[in-house]
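# Inside the fold
The residues making up each chain are set out below.
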Amino acid sequence: PQLTVTKAGRHVVREKGTYLILRELHRWEREPEVLAACEKLIQVLIGDEPGPGMENLLEVNIPEEVEQQLQRLDREEEERWRREREEQREARGSSEEPSR
């Protein structure tokens, strides 16, 4: 993701065919965190280039209410990942028990 914070970085990442690799990874990956990271990066790669003054995304000023909303969404996403990991562990645990 850090490679895509500048316009030049986004250009290089696009030119190297990264989207195709991420698309294939997304098809078979099962880890929720990895899937979410792929989805976010794909959105950056296929999205429109940000307008003037936003060439470096690390330097963009985000209004406080928007930042709070994004943080809330991040917490909700992390909670969803945690639940999915627990469900996966429970499913693996029950399938590993010997049948009687």
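The chain is annotated in an unreviewed UniProt entry as HGH1 protein of Oceanodroma tethys.

### Digging into the confidence of the model for the chain
Here the chain averages 80 in pLDDT, and 84% of its residues register 70 or above. At the low end of the mean pLDDT range in the chain sits helix α4 (residues 64–96), at 80; at the high end sits helix α2 (residues 18–28), at 89.

### Remarks on helix α3 (residues 32–46)
Here α3 is 15 residues long and its end C-alpha atoms lie 21 Å apart, about the 21 Å a rise of 1.5 Å per residue gives. For α3, the complete set of buried residues consists of Pro32, Leu35, Ala36, Cys38, Leu41, Ile42 and Leu45.

### Details of the packing of α2 against α3
It is the contact of α2 with α3, at a shortest axis distance of 10 Å, that shows an interaxial angle of 150°. Looking at the two axes, α2 sits roughly antiparallel to α3. α3 is crossed by α2, and the crossing has left-handed handedness. When α2 is examined against α3, the residues Thr18, Tyr19, Leu22, Arg23, Leu25 and His26 are found in contact with a partner set consisting of Val34, Leu35, Cys38, Glu39, Leu41, Ile42, Leu45 and Ile46. Classifying every residue of the contact of α2 with α3 gives 10 nonpolar, two polar and two charged.

### Focus on the pattern of salt bridges
Under the defined criterion, the tally for this structure stands at seven salt bridges. Of the charged contacts, one joins Glu24 and Arg27 as a salt bridge, the two residues approaching to 3.0 Å between their closest N and O atoms. On the criterion of helical spacing, the pair formed by Glu24 and Arg27 is a turn pair, its members being three residues apart in helix α2. Here Glu24 falls in the partly exposed class, since its relative accessible area comes to 36%. Each of Arg23, Glu24 and Arg27 takes part in salt bridges that share partners, so that together they form one network.

### Description of the nonpolar core
Counting six residues, the largest nonpolar core consists of Val13, Leu22, Cys38, Leu41, Ile42 and Leu45. Per-element accounting of this core gives the leading share, four residues, to α3. When near neighbours in sequence (up to four residues on either side) are disregarded, Cys38 contacts Leu22, Leu25 and His26.

What counts and what doesn't
- Residues numbered from 1 in each chain as written.
- Predicted model: local features only at pLDDT ≥ 70, side-chain atom pairs only at ≥ 80, totals over all residues.
- Heavy atoms only, no water.
- pLDDT = per-residue confidence, 0-100.
- Helix = DSSP H or I, 4+ residues; strand = E, 2+ residues; numbered from the N terminus.
- Expected span 1.5 Å × (residues − 1).
- Buried < 20%, exposed > 50% of the residue type's maximum accessible area, 1.4 Å probe, protein only.
- Axes fitted to C-alpha atoms, helices over the stretch in contact; angles between N-to-C directions.
- Parallel < 35°, antiparallel > 145°, perpendicular 65-115°, else oblique.
- Left-handed = near helix turned anticlockwise from the far one by under 90°.
- Contact = heavy atoms within 4.5 Å.
- Nonpolar A, V, L, I, M, F, W, Y, C, P; charged D, E, K, R; others polar.
- Salt bridge = Lys/Arg side-chain N within 4 Å of Asp/Glu carboxyl O.
- Core = buried A, V, L, I, M, F, W, Y, C linked by side-chain atoms within 4.5 Å.

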